[in-house]
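Architecture and fold: a report
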Amino acid sequence: MTILKKILFVLFLALVVAQFFGPQKNEGDLIATDAFEAETKPPKAVQLILEETCYDCHSNVTRYPWYNKITPVNYWLAGHIKEGKKHFNASNWEGNSVKRKDHKFEELIEMVEDKNMPLKSYTWTHPEAKLTDAQIKSMVNWAKQVRVKYAMMPKAE
């Protein structure tokens, strides 16, 4: 057996063994976003957008696609989810200050208006998550209304 065949065999074997291991899944309580939704009161159309487009990476509950069972794809997805939750997590809404919540909505508006969210890599595999101009407008209008509500609340540091 040539050295190249031996290297390819070892790499193949390592890939097969790696399939038995994977990152921890992001599977929390199904009502994890209830506090966020109760406070921000998204209209039904926006609620659907949040569920179909945002919560997989921005909450403690992810709907995993079939290809999440393939290593190293599962690690790549776990990294996206971890990064998404770091920036905005609808499941950990309670306990944030009004100032922080307002800032998160300011960022939400900017990211959605600039079409930086949802990520292109997400919409490649979830074409239903690609937002139309009308959906962007409804998301931004809702977010601006929430910011008005937060502007009227006292901001503790």
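Refer to the structure printed above.
Report follows, based on the coordinates. Predicted model only: the values in this text are computed from it and were never measured.

Reading the values: the criteria
Residues numbered from 1 in each chain as written. Predicted model: local features only at pLDDT ≥ 70, side-chain atom pairs only at ≥ 80, totals over all residues. Heavy atoms only, no water. Axes fitted to C-alpha atoms, helices over the stretch in contact; angles between N-to-C directions. Helix = DSSP H or I, 4+ residues; strand = E, 2+ residues; numbered from the N terminus. Parallel < 35°, antiparallel > 145°, perpendicular 65-115°, else oblique. Contact = heavy atoms within 4.5 Å. Nonpolar A, V, L, I, M, F, W, Y, C, P; charged D, E, K, R; others polar. Salt bridge = Lys/Arg side-chain N within 4 Å of Asp/Glu carboxyl O. Buried < 20%, exposed > 50% of the residue type's maximum accessible area, 1.4 Å probe, protein only. Polar contact = N/O pair within 3.5 Å; in protein donor to acceptor, adjacent residues only side chain to side chain.

Looking now at the packing of helix H3 (residues 44–58) against helix H4 (residues 73–87). Helix packing geometry: the angle between the two helix axes and the distance between the axes. Across the interface, H3 lies against H4 with an axial gap of 7 Å and an inter-helix angle of 95 degrees. Our classification of the angle between H3 and H4 gives roughly perpendicular. Residues Asp56, Cys57 and His58 of H3 form the contact with H4, whose own contacting residues are Ile81, Gly84 and Lys85. A per-class count over the contact of H3 with H4 returns two nonpolar, two polar and two charged.

Let's shift gears to the pattern of salt bridges. On inspection of all chains with the given rule, the structure shows seven salt bridges. Between Lys101 and Glu39 there is a salt bridge, and its shortest N-O distance comes to 2.9 Å. One end of the pair, Lys101, is in helix H5 (residues 98–113); the other, Glu39, is in helix H2 (residues 34–40), with 62 residues separating them in the sequence. Summarising the burial analysis for this pair, Lys101 and Glu39 share the class buried. The partner of Glu83 in a salt bridge is Lys86, and the shortest N-O contact between them spans 3.4 Å. Residue Glu83 and its partner Lys86 are both found in helix H4; the two are separated by three residues, about one turn of the helix. Taking relative accessible area as the criterion, Lys86 reaches 54% and is therefore assigned exposed. In the salt-bridge network here, residues are joined through shared partners; they are Glu52, Asp56 and Arg63.

Turning our attention to the side chain of Ser59. Looking at the secondary structure, you find Ser59 in the loop between H3 and H4. Judged by its relative accessible area of 1%, Ser59 is buried. Of note is the side chain of Ser59, whose polar atom sits 2.7 Å from the backbone oxygen of Tyr55. Within polar-contact distance, the side chain of Ser59 engages the backbone oxygen of Val61 at 3.1 Å.

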